[in-house]
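Each chain, letter by letter, is given below.
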Amino acid sequence: MYDQVPVYDVPQRNLVQRFFAQRWSAIIVEIALTIVITVAAGRAFEFFDPFDGEAARAAPAVNETGAEPFDVALEPVTQRALAHIQSREFAAAEAMYDLAIAVAPADEDHYGWRGYVNLQAGDYLDAQRDFRQVLELAPADYEAHNALCWAYGESGEFDTALAHCQEAMKAAQSLPEYGIALENRCWVQVEMGELDSAARDCLDVLEIFPDCQQEVCALAHYNLGRIMLAQGKEALALRQFNLAFDIGSVYPDMYLEIAEVYDTLGFEAAARASYDRYRSLAVGEA
């Protein structure tokens, strides 16, 4: 659904907090690892077996279930991964987490972060795989269920998406977490055309977060705008889109749809501003 698993869907700890909590003493080692494992396309860390026959059978296997983890310090790897995420260099970030998983295949956090990277890159099937692996290791994980609600929604598997929305709401440890999962469910129901139930969910989100200037509320206003537009209530929809635009989001498609509405209604300057935000998020242009 959203380009960032919007703040709340980010696995466990806040990204910025995690990033600045790291120590940089091992940066030289990390740079060397980056040179070894970062390649131009997609998943840059692949394992090739240089042996044949008996030698191949004797060589230790390395896989994501991980019988033979590498003896590599993970701190510089995860530091660099977070730096790549900050720069929206998702292929490079994914390569870092590929290595982290090879080193520590039983650590669900690495799968969660790689799933987050895949969500941001629009690789929803890979994200589903990663977050399913998180649930294999931690079945009641709120972030994984919430992310799977989004990832399955994006791939059109709405029943599965709704099931994960429900599990995320059950796993929520606070009212804000519950509200965030509820907003995801609102979005899934909009995608399904279940407009009345979707509207109730998004209105409930705005009750949970009164006078809210957070992204979850921008997305609730955006989805309410979509509902009202589908019902032919253009003036009411425009108000909701204006609120969503003013609060702001890192979900690029929100700005693209708002730009289209502004353009249709003749608000050329507003359409251009919204499209510029879409472009900066979707393709990294200023």
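Described in the following lines is the structure provided in the data block. These numbers were taken from a predicted model, which means no experiment stands behind them.

**A look at the overall build of the chain**
Here's step 1: Each helix and strand counted, the chain has 15 helices and zero strands in total.
Here's step 2: For the chain, buried positions account for 49% of its 286 residues.
Here's step 3: Here the analysis covers contacts within the chain between residues at least 6 apart in sequence; of these, 60% occur between residues at least 24 apart.
Here's step 4: For the chain, the exposed area adds up to about 13,700 Å²; of that, 53% sits on carbon and sulfur atoms.

**What to know about helix H6 (residues 108-120)**
Here's step 1: Compared with the 18 Å implied by 1.5 Å per residue over 13 residues, the 19 Å span of H6 between its first and last C-alpha is a close match.
Here's step 2: Most of H6 is tucked away: 12 of the 13 residues are buried.
Here's step 3: Turning to H6, its buried residues number three or more, namely Asp-109, His-110, Tyr-111, Gly-112, Trp-113, Arg-114, Gly-115, Tyr-116, Val-117, Asn-118, Leu-119 and Gln-120.
Here's step 4: Two or three places before Asp-109, at the opening of H6, Asp-107 has a side-chain oxygen 2.9 Å from that residue's backbone nitrogen.

**Details of the state of the cysteines**
Here's step 1: On inspection of all chains with the given rule, the structure shows three disulfides.
Here's step 2: There is a disulfide in this structure between Cys-186 and Cys-202, and the S-S distance comes to 2.1 Å. Between Cys-186 and Cys-202, the S-S dihedral sits near -105 degrees, and the bridge is therefore left-handed. Separated by 16 residues along the polypeptide, Cys-186 in helix H10 (residues 175-192) and Cys-202 in helix H11 (residues 195-208) bring together distant segments of the chain.
Here's step 3: According to the relative accessible area criterion, Cys-202 is buried, its value standing at 0%.
Here's step 4: With its bonded cysteines labelled in order along the sequence, the chain shows the pairing 1-2, 3-4, 5-6.

**Some words on the nonpolar core**
Here's step 1: With 24 residues, the main nonpolar core has Tyr-142, Val-205, Phe-209, Val-216, Cys-217, Leu-224 and Ile-227 as its most contacted residues.
Here's step 2: Among the secondary structure elements, those contributing two or more residues to this core are helix H9 (158-171), H10, H11 and helix H12 (215-230).
Here's step 3: The greatest single-element share of this core, amounting to six residues, is contributed by H12.
Here's step 4: Here Ile-227 is in contact with Val-190, Leu-195, Ala-198 and Ala-199, once residues within four sequence places are set aside.
Here's step 5: Of all hydrophobic cores here, the second largest spans 19 residues; its members include Ile-101, Ala-127, Ala-147 and Ala-151.

**Brief notes about the packing of aromatic side chains**
Here's step 1: Counted under the stated rule, the structure contains eight aromatic pairs.
Here's step 2: Taking the centre distance of 6.3 Å and the plane angle of 45 degrees together, the rings of Tyr-222 and Phe-241 count as tilted. In this pair, Tyr-222 is assigned in helix H12 and Phe-241 in helix H13 (residues 234-247), connecting sequence segments 19 residues apart.
Here's step 3: With relative accessibility at 0%, the residue Phe-241 sits in the buried group.
Here's step 4: Plain terms: the ring middles of Tyr-222 and Tyr-251 are 6.3 Å apart, the flat faces sit at 65 degrees to each other, and that makes the pair edge-to-face. Here Tyr-251 lies in the loop between H13 and helix H14 (252-264) and Tyr-222 lies in helix H12, a separation of 29 residues in the sequence.

**Details of the pattern of salt bridges**
Here's step 1: One pass over the full model with this rule turns up nine salt bridges.
Here's step 2: Notably, a salt bridge pairs Asp-98 with Arg-114, separated by 2.8 Å at the nearest N-O pair. Separated by 16 residues along the polypeptide, Asp-98 in helix H5 (residues 90-103) and Arg-114 in helix H6 bring together distant segments of the chain. This pair shows no difference in class: Asp-98 is buried, exactly as Arg-114 is.
Here's step 3: Across the pair Glu-257 and Arg-226 runs a salt bridge whose closest N-O atoms are separated by 3.5 Å. Residue Glu-257 is located in helix H14, and its partner Arg-226 is located in helix H12; the two are separated by 31 residues in the primary sequence.
Here's step 4: Overall, the relative accessible area of 22% leaves Glu-257 in the partly exposed class.
Here's step 5: Each of Asp-98, Arg-114, Asp-126, Arg-129 and Asp-130 takes part in a single network of salt bridges with overlapping partners.

Rules used throughout
Residues numbered from 1 in each chain as written. Predicted model: local features only at pLDDT ≥ 70, side-chain atom pairs only at ≥ 80, totals over all residues. Heavy atoms only, no water. Helix = DSSP H or I, 4+ residues; strand = E, 2+ residues; numbered from the N terminus. Buried < 20%, exposed > 50% of the residue type's maximum accessible area, 1.4 Å probe, protein only. Contact = heavy atoms within 4.5 Å. Areas by Shrake-Rupley, 256 points an atom, 1.4 Å probe, with all protein chains shown as cover. Expected span 1.5 Å × (residues − 1). Polar contact = N/O pair within 3.5 Å; in protein donor to acceptor, adjacent residues only side chain to side chain. Disulfide = S-S within 2.5 Å. Core = buried A, V, L, I, M, F, W, Y, C linked by side-chain atoms within 4.5 Å. Phe/Tyr/Trp six-rings, centres within 6.5 Å; stacked < 30°, edge-to-face > 60°. Salt bridge = Lys/Arg side-chain N within 4 Å of Asp/Glu carboxyl O.

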